[in-house]
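Single-letter residue listing:
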Amino acid sequence: MITAEHRMKDRNGKNGEVIALLERRNGVARTVDLAAWREQVKQRELHIGIIGLGYVGLPLALLFNDKGFRVTGFDIDVTKVDRLNSGQSYIYSIEPEQIQFARTRHFRATADFREIADVDAILICVPTPLSEHRTPDLRYIATTIDAIAPYLRSGQLLVLESTTYPGTTEEIVVPGIERIGSVRVMRNGAATKDGIMVAFSPEREDPGNKNVNRCDVPKVVGGVDASATAAASMLYESIFRRVVRVSSPGAAEMTKLLENIYRCVNIALVNELKLLSLRMGIDIWEVIDAASTKPFGFQPFYPGPGLGGHCIPIDPFYLAWKAREVGFSTRFIELAGEINESMPHHVLQSVASALNQQDKPLKGSTVLVLGVAYKRDVDDLRESPALVIIEMLQQEGAKVSYNDPLVPSVGRGRKYNLGMYSQPLDNLDTYDCVLIVTDHSSYDYEAIVDQARLVVDSRNATRGLTSAKIVRC
């Protein structure tokens, strides 16, 4: 491929940069001119389609809409589509007023994937869970490609944002498009100007984080070819302050895994140190605070009842699976995953031991779980350790209830079927044990300890309180 950069007058009469990509095929130079794409981004003329309106897709849709783009959201959940189109929200951190405002600025939702033909950029934000055998479950990506491929057209940009293993974009997405659709994917040195551009750009959502604006989180982009990287970068530069271009989709996919496995490994380290510290009579939280005073070479991570969220509990297994495919064993990473997965068992044993100290067996005891979301002050249940802990308590014969101010009910998910409703906090003395799993900031922990018979704290939420009722685990 020969790349040339030209200068020309834009429609406002000012000098603007135009990128022209020249591709040689059969001795004939073809030009994929991205100047018009840049201008459409600048003038907010591109129509954005976002597939998957969950914790990643919906905030991204609102961000594009807030910057003046026309946005259509796609989701197979008709209930979500109807709620959005009526101005309602189903995510705690997104107010209904935000949806209603977006509706006045050309945002709408649909379950009709034929409308993909009407959009210019397609951003895929669908789930990528693990199967029962801890292998990648890419059915949502595959079915999405199957659904949209017949309606794709030349000149569109398709970006996968779902967290996945390196190779997914080029091994699953690209072949899926070309197997079903009528357009080809642009590739360096082997594409016509009438193809579709494909790239990967990992989502970097952090539900509940109010300290960092979404637009301040740099966006990593890796395209199948230079035109896809350039087009995706231009698009994301309109809403993010910084875009980081990498050489390929695989590099972008591995970047996401590195970020999350870094956290997974360090959390596993402090979880193991917590278990050791408990046996040695040392307060691990005091140790972490003391270590955090070092101004270099240390970043604090905190122990807990297990990992939750869509990425951190899953990513080590995605990479381990891919590594085995190329004959490599990720022993260190897999060990970290195993340690974090063992933490709900530690919580179960701690509850049983605490009840035993009060001459009560776990079987038949009443346990109130405080917090079922996977982290503080969010309503996100994805991979929440609380769900595992509840099921384990029930299997041991405990009578389990829960309270979570952000999660009124827990029905059926991919891995659970609990059928439970949040209970009030006005009768804590009727439970044999109150188990703190998610440390929401709205809880009055002093009042909880005062009213409860026994409190098992897996999050150090009761730090600073002194009571014989408290068992920290």
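(A) Highlighting empty space enclosed by the protein. Across all of its chains, the model carries one cavity of 30 Å³ or more by this definition. There is about 90 Å³ of room inside the largest cavity. In terms of lining, the largest cavity is formed by Y55, P59, I91, Y92, S93, E205, P207, G208, R214, D377, V378 and D379. Class assignment of the residues belonging to the lining of the largest cavity gives a composition of six nonpolar, two polar and four charged.

(B) Looking closely at the sheet that holds strand 17 (residues 455-457). Within the open sheet, the five strands sit side by side as 13-12-16-17-18. Their pairing is parallel. Looking along the sheet, the strands with just one partner apiece sit at the ends: strand 13 (399-403) and strand 18 (470-472). Neighbour-to-neighbour, the strand axes of the sheet open up by a mean angle of 20°, direction not taken into account. Strand direction decides the pairing type here: strand 12 (residues 366-370) and strand 13, joined by five bridges, are parallel. Looking across to strand 13, one finds that T366 is bridged to K399.

(C) Quick peek at helix 5 (residues 139-148). Regarding helix 5, the residues found buried are I141, T144, I145 and I148. Taken end-on, helix 5 shows its buried residues confined to a sector of 95°, consistent with a single buried face.

(D) Representation of the nonpolar core within the structure. Core analysis: the biggest nonpolar cluster contains 44 residues, and W37, I48, I50 and F64 have the highest contact counts within it. Ranked by the residues each element gives to this core, the list is headed by helix 7 (residues 226-237), at seven residues. Those residues in contact with W37 that sit more than four places away from it in its chain are L46, D120, A121, G155, L157, M197, A231 and M234.

(E) View of the pairing of strand 4 (residues 47-51). Taken across its five residues, strand 4 has five buried, putting it largely inside the fold. Residues H47, G49 and I51 line one face of strand 4 and the alternating positions I48 and I50 line the opposite face, and both faces are buried. Summarising the sheet, strand 4 and strand 5 (residues 70-74) pair through five bridges and their orientation is parallel. Across the sheet, residue I50 finds its bridge partner in strand 5, namely G73. The handedness of the strand 4 to strand 5 crossover, carried by helix 2 (residues 57-66), is right-handed. With four bridges connecting them, strand 4 and strand 7 (residues 121-124) associate as parallel partners. Along strand 7, the bridge assignment pairs I51 with I124.

(F) Geometry of the environment of M254. Mapped onto the fold, M254 is located in helix 8 (residues 249-280). For the pair formed by M254 and E237, sequence separation is 17 residues and the distance between their alpha carbons is 21 Å. Beyond its immediate chain neighbours, meaning those up to four positions away, M254 contacts P166 and L319.

(G) Examining the environment of E383 more closely. Along the chain, E383 falls in the loop between strand 12 and helix 12 (385-395). Separated by 32 residues in the primary sequence, E383 and V351 have C-alpha atoms spaced 21 Å apart. Residues contacting E383, with those up to four places away along its chain left out, are L307, G308, G309, P313, I314 and K415.

Cut-offs and rules
- Residues numbered from 1 in each chain as written.
- Predicted model: local features only at pLDDT ≥ 70, side-chain atom pairs only at ≥ 80, totals over all residues.
- Heavy atoms only, no water.
- 1 Å grid on protein atoms, 1.4 Å probe; cavity = no way out; pocket = protein on both sides within 12 Å on 5 of 7 lines; lining within 4 Å.
- Points joined across faces, edges and corners; volume = space filled by probe spheres on them.
- Nonpolar A, V, L, I, M, F, W, Y, C, P; charged D, E, K, R; others polar.
- Pairing = 2+ DSSP bridges.
- Helix = DSSP H or I, 4+ residues; strand = E, 2+ residues; numbered from the N terminus.
- Axes fitted to C-alpha atoms, helices over the stretch in contact; angles between N-to-C directions.
- Buried < 20%, exposed > 50% of the residue type's maximum accessible area, 1.4 Å probe, protein only.
- Arc of directions from axis to C-beta.
- Core = buried A, V, L, I, M, F, W, Y, C linked by side-chain atoms within 4.5 Å.
- Contact = heavy atoms within 4.5 Å.
- Right-handed = clockwise from strand over helix to strand, strands pointing away.

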